[in-house]
Number of protein chains: 2
Amino acid sequence: MNSPRDIEMLIEMMAKLPGLGPRSARRAVLHLIKKRELLLTPLADVMQIVAATARECVTCGNIGTTDECEICRDPKRQTGEICVVEDVADLWAMERGAVFKGRYHVLGGTLSALDGVGPEDLGIPRLIARVDAEGVSEVILALNATVDGQTTAHYIADQLEDRVAVTSLAQGVPIGGELDYLDDGTISAALKARKRV
Amino acid sequence: MNSPRDIEMLIEMMAKLPGLGPRSARRAVLHLIKKRELLLTPLADVMQIVAATARECVTCGNIGTTDECEICRDPKRQTGEICVVEDVADLWAMERGAVFKGRYHVLGGTLSALDGVGPEDLGIPRLIARVDAEGVSEVILALNATVDGQTTAHYIADQLEDRVAVTSLAQGVPIGGELDYLDDGTISAALKARKRV
Ligand SMILES: [Zn+2]
Ligand SMILES: [Zn+2]
């Protein structure tokens, strides 16, 4: 009624994105429409491309545009180290730290009896298989310093400690904090000072 | 490096939207990619449609998908009242109030000697022409309660008071407040209690 149906629909869809609400979605859509040539058309185009090409890496769970992600395909990153993270945002946060040179394993969540999330749902059997198949010497647990994150870290350490060295990020991760909120320097420091579980 | 170029570019473009920053843009893009079928593809599609069809109403400056907007084309809204607003977000806020039944005039800003914004830049001569051409009996100034908004309101009132009744929103607009932040009830109350300038 106050704007045509397609524009209403665009606002409604934007309003559901994390970080935006109805008001900021309206502002964002008006901003995009005012700079249509410069912003809206290019954004729509790149969104179409990503919608057509983005996929999960079959090995590590990272998001990329190929079946195996750039990190998994890079032979220089076969260092014998696998860094285990809860989600892709945490993987990207680790990469911004630019210290870790190995590969990743994205769990996609944490163990939770309440929500019925078990080891299989997180690909933990697949992680164990990778440790055996890829000649891994160290698994670094970079999970959030939350109760669920630490419960999951202990479970994975129990499963792996007979096969491989298991370490975890140590210095710099604040109690109750989440990895993706930290500055890059803190992440680098925590990685360098990692300790055996 | 930490994600393919198209995904990086999508994140950078989203991060420039009002209300989003780099971190929330990353979260939003990951969220969209995880629900690609359900969210990303439909969002990209509707964005393409809006990019191809959205335009400014030649009469009032509202944003729609036709040369003249739905409000200007609706004969029931030719009530002899024109509501003057600073931007389209304010027009939409007035429409959510659902009390005003007339038509609009979107200025696209406020007078500002500092920024070199004069009456022509805001379409004020066009507003005066509409008052004469459309048989307008009342112009309602619904400008923000800021210094620039009120300066602009006084200027328009000076130009129009010999031709037509000029009123302004009265009750309920807080000092220093902006229209688009108000709840719908406050806007309705302010419109009902409007007074002559
Ligand atoms: Zn991978
Ligand atoms: Zn119009």
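Cut-offs used in this document
Residues numbered from 1 in each chain as written. Chains lettered and ligands numbered in written order. Predicted model: local features only at pLDDT ≥ 70, side-chain atom pairs only at ≥ 80, totals over all residues. Heavy atoms only, no water. Helix = DSSP H or I, 4+ residues; strand = E, 2+ residues; numbered from the N terminus. Buried < 20%, exposed > 50% of the residue type's maximum accessible area, 1.4 Å probe, protein only. Contact = heavy atoms within 4.5 Å. Lys, Arg positive; Asp, Glu negative; His and termini not counted. Charge placed at Lys NZ, Arg CZ, Asp CG, Glu CD. Domains from an automatic or database assignment. Axes fitted to C-alpha atoms, helices over the stretch in contact; angles between N-to-C directions. Parallel < 35°, antiparallel > 145°, perpendicular 65-115°, else oblique. Left-handed = near helix turned anticlockwise from the far one by under 90°. Nonpolar A, V, L, I, M, F, W, Y, C, P; charged D, E, K, R; others polar.

Participant: What am I meant to see in the overall build of chain A here?
Facilitator: Counting its secondary structure elements, chain A contains 8 helices and 7 strands. By principal-axis analysis of the C-alpha atoms, chain A measures approximately 65 × 35 × 35 Å. Sorting the 197 residues of chain A into buried and exposed places 52% on the buried side. Restricting the contact set of chain A to residue pairs at least 6 apart, pairs at least 24 apart contribute 55%. Positive and negative side-chain charges of chain A, numbering 22 and 29 respectively, have mean locations separated by a distance of 8 Å.

Participant: In this structure, what is going on with the domain arrangement of chain A? I would like to understand it.
Facilitator: In many analyses, interface size is given as the accessible surface area lost on bringing the parts together. Assigned domains of chain A: these are domain 1 (4-53) and domain 2 (76-168). On a C-alpha basis, the centres of domain 1 of chain A and domain 2 of chain A stand 35 Å from each other.

Participant: What exactly am I supposed to notice about the packing of helix α5 (residues 88-97) of chain A against helix α2 (residues 22-34) of chain B here?
Facilitator: The packing of two helices is summarised by the inter-axis angle and the distance between the axes. Between α5(A) and α2(B), whose axes approach to 10 Å, the crossing angle comes to 135°. Judged by the inter-axis angle, α5(A) sits oblique to α2(B). Judged by the twist between their axes, the crossing of α5(A) over α2(B) is right-handed. Taking contact as the criterion, the partners of Val88(A), Ala89(A), Asp90(A), Trp92(A) and Arg96(A) in α5(A) are, on α2(B), Arg26(B), Arg27(B) and Leu30(B). Across the contact of α5(A) with α2(B), the residue classes break down as 4 nonpolar, no polar and 4 charged.

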